[in-house]
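Results of the structural survey
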Amino acid sequence: MSYANDLFLRAARGEQVERPPVWLMRQAGRILPQYRALRAKLSGFKELVSTPDLAAEVTIQPVDELDVDVAIIFSDILVIPEALGLDYNMVEKVGPRFPKTIKSKADIEALRPAEDAPGHLRYVFDALDVTKRELNNRVPLIGFAGAPWTIFAYMVEGGGSKTFSKARAMLYRDPATSHLLLEKIARATAAYLKEKVRHGADLIQLFDSWAGVLPPAHYREFSLRYIRMICEELSEVPVTVFAKDARHALPELGQLPCQVIQLDWIADPVLARSQVQSDKVLQGNLDPVQLYAPEEEIIAATKKMIGAYGDRHIVNLGHGVYPDTPLDGVKAFVNTVKAHRY
Ligand code: CP3
């Protein structure tokens, strides 16, 4: 597949490039007035996620408005629990809530088999098909999923949490049952992501948003090994792993069979570079709150960050862009990267 702009893919493969590519996690979302306008006409977030033409439209909005180097398919990590039979509601100003949660081995056995999950995610694959057609090879397309631990955390906890103490308690009380659920999620996720690749995803990013609540030994046992499983199954495309707030694990993340490691904004790129395998590409990691500063400061901070990384860098924030970020700040960030030359 050849793209009018293939900078992102060349950089993700570790090739020498003329400048770092740039995109933002959560670029398709509430920072864009055209997203907010479309969203206001709908019954809710899930209608947008489950309607392929609309999901494709918002996927392409940031490519049109911001001229970023890659699109990310509009969806959510929570489509996996739903496909396994655990439904969620997206509650306005609260976040995701699961009316039923996983408490026991019987609850896990009552879920659908992992291999049936992709059959319940047709709407995502349709959204990829429409997006690929409408993008018309302008830029590549990222597919994504939650890492198994992060999905487990939502399925056991029932929603977001500061501590995820219910989810973490299951790891201590019943490690065997925990592994049963993690493995089921990992198998469903791998099957789902392979199908995304078949429908045109050029790179896969795994979001381990709640990596940071686990102590290192638990991170290794209950998260990393399942991330590795998924990476091993996705050998046809580059993979990016984002273990938010798990900088202690960088040496191990840096040995995964993946191409790109996303850093959170607390990470020091120079230190991170010394901790991961030398062929890894690093993605990140401007503080999302930096984009609320005056434009000249955003420009200076972005240039300074690019300097700190050196080559093998994809520019992004250290987490998803916050919904109330001034659009001019976002544009200052993107345009600074686009004007840069190594
Ligand atoms: O542009 C993109 O990055 C693609 C779309 C995308 C969404 N969610 C859309 C979305 C991606 C990659 C995600 C991933 C996701 N979803 C993560 C991992 C990344 C991270 O933030 O750590 C997590 C933890 C979720 C779960 C989730 N989805 C939460 C906690 C929430 C509520 C918080 C919020 O921002 O409102 C969502 C909803 C959600 N997912 C929105 C968007 C654009 C807000 C939707 C709206 O109300 O219009």
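Let us look at the structure shown here. Note that this is a predicted model, so its numbers are computed, not measured.

1. Regarding the site of the ligand
Around the ligand, 22 residues are found, and the nearest of them are Arg-26, Arg-30, Tyr-35, Arg-39 and Ser-209. Contact between the ligand and Ala-28: an oxygen atom at 2.9 Å from a main-chain N or O atom of the residue. Arg-39 places a polar side-chain atom, nitrogen or oxygen, 2.7 Å from an oxygen atom of the ligand. If the ligand stood free it would expose 870 Å²; the protein chains cover 88% of that surface. When the residues that make up the shell around the ligand are grouped by side-chain class, the tally is 13 nonpolar, five polar and four charged.

2. Overview of a negative patch on the surface
Together, Glu-295, Glu-296, Glu-297 and Asp-328 give the surface a local cluster of negative charge. The element contributing the most residues to the negative patch is helix α14 (residues 295-309), with three residues. Within the fold, Glu-296 resides in helix α14. The exposure class assigned to Glu-296 is exposed, which follows from its relative accessible area of 56%.

3. Quick look at the packing of aromatic side chains
Across all of its chains, the model carries 10 aromatic pairs by this definition. With 6.5 Å between their ring centres and 70° between their planes, Phe-207 and Phe-242 make a pair best called edge-to-face. One end of the pair, Phe-207, is in strand β5 (residues 203-208); the other, Phe-242, is in strand β6 (residues 239-243), with 35 residues separating them in the sequence. Each member of the pair Phe-207 and Phe-242 is classed as buried. Through pairs of rings, three or more aromatic residues link up here, namely Tyr-35, Phe-45 and Phe-74. In this arrangement the basic side chain of Lys-46 is found over the ring face of Tyr-88, its NZ or CZ atom lying 4.1 Å from the centre. The ring of Phe-144 is capped by Lys-196, whose NZ or CZ atom sits 4.6 Å from the centre of that ring.

4. Some remarks on helix α8 (residues 148-157)
In terms of residue burial, α8 counts as a mostly covered element, since 10 of its 10 residues are buried. Residues of α8 that are buried include every one of Pro-148, Trp-149, Thr-150, Ile-151, Phe-152, Ala-153, Tyr-154, Met-155, Val-156 and Glu-157, and no others. Two residues or fewer after α8 comes Gly-158, characterised by a positive phi angle close to 95°.

5. Some words on the nonpolar core
Formed by 131 residues in total, the largest nonpolar core has its most connected members in Leu-24, Phe-152, Leu-253 and Phe-333. If you tally residues by element for this core, the top one is helix α10 (residues 175-198), at nine residues. Apart from residues no more than four positions distant in its own chain, Leu-253 is found in contact with Tyr-219, Leu-224, Val-241, Ala-243, Ala-246, Cys-258, Ile-261 and Lys-280.

6. Here we look at the packing of helix α7 (residues 122-135) against α10
Look at α7 against α10: their axes get within 9 Å of each other, and the N-to-C directions meet at 25°. Classified by the interaxial angle, the pair formed by α7 and α10 is roughly parallel. Judged by the sense of rotation from one axis to the other, the crossing of α7 with α10 is right-handed. Each of Val-124, Phe-125 and Leu-128 in α7 lies in contact with α10, whose residues at this interface are Tyr-192, Glu-195 and Lys-196. Split by residue class, the contact of α7 with α10 holds four nonpolar, no polar and two charged.

7. A few points about the pairing of β6
Along β6, five of the five residues are buried, which leaves the element largely enclosed by surrounding structure. Burial along β6 is two-sided: the face carrying Val-239, Val-241 and Ala-243 and the face carrying Thr-240 and Phe-242 are both buried. Taken together, the five bridges between β5 and β6 define a ladder with parallel strand orientation. Across the sheet, the residue bridging to Asp-208 is Ala-243, located in β6. Read from β5 through helix α11 (residues 216-233) to β6, the crossover connection turns out right-handed.

8. Brief notes about unusual backbone geometry
Look at the link from Gly-284 to Asn-285: it is a cis peptide, with omega at -20°. Within the fold, Asn-285 resides in strand β8 (residues 281-286). Notably, Asp-67 is not glycine yet its phi reads approximately 60°, a positive angle. Secondary-structure assignment places Asp-67 in the loop between α4 (52-66) and β1 (71-72). With a phi angle near 65°, Lys-93 is a residue other than glycine that sits in the positive phi range. For Lys-93, a relative accessible area of 86% translates into the label exposed.

9. Here we look at the pattern of salt bridges
Under the defined criterion, the tally for this structure stands at 22 salt bridges. Ionic pairing is found between Arg-10 and Glu-18, a salt bridge with its closest N-O pair at 3.2 Å. One salt bridge connects Asp-245 with Arg-247, and the closest N-O pair in it is separated by 3.8 Å. With relative accessibility at 32%, the residue Asp-245 sits in the partly exposed group. For Arg-247, a relative accessible area of 31% translates into the label partly exposed.

10. Considering the state of the cysteines
Following the criterion strictly, the structure yields zero disulfides and no others. Among the cysteines around Cys-231, which has no disulfide bond, Cys-258 carries the closest sulfur, lying 5.0 Å off. Overall, the relative accessible area of 3% leaves Cys-231 in the buried class.

The rules behind these values
- Residues numbered from 1 in each chain as written.
- Predicted model: local features only at pLDDT ≥ 70, side-chain atom pairs only at ≥ 80, totals over all residues.
- Heavy atoms only, no water.
- Near = heavy atom within 4 Å.
- Polar contact = N/O pair within 3.5 Å; in protein donor to acceptor, adjacent residues only side chain to side chain.
- Areas by Shrake-Rupley, 256 points an atom, 1.4 Å probe, with all protein chains shown as cover.
- Nonpolar A, V, L, I, M, F, W, Y, C, P; charged D, E, K, R; others polar.
- Patch = residues over 30% accessible without salt bridge, like charges linked within 9 Å, V, L, I, M, F, W, Y side chains within 5 Å.
- Salt bridge = Lys/Arg side-chain N within 4 Å of Asp/Glu carboxyl O.
- Lys, Arg positive; Asp, Glu negative; His and termini not counted.
- Charge placed at Lys NZ, Arg CZ, Asp CG, Glu CD.
- Helix = DSSP H or I, 4+ residues; strand = E, 2+ residues; numbered from the N terminus.
- Buried < 20%, exposed > 50% of the residue type's maximum accessible area, 1.4 Å probe, protein only.
- Phe/Tyr/Trp six-rings, centres within 6.5 Å; stacked < 30°, edge-to-face > 60°.
- Lys NZ or Arg CZ within 6 Å of the ring centre and 35° of its normal.
- Core = buried A, V, L, I, M, F, W, Y, C linked by side-chain atoms within 4.5 Å.
- Contact = heavy atoms within 4.5 Å.
- Axes fitted to C-alpha atoms, helices over the stretch in contact; angles between N-to-C directions.
- Parallel < 35°, antiparallel > 145°, perpendicular 65-115°, else oblique.
- Left-handed = near helix turned anticlockwise from the far one by under 90°.
- Pairing = 2+ DSSP bridges.
- Right-handed = clockwise from strand over helix to strand, strands pointing away.
- Disulfide = S-S within 2.5 Å.

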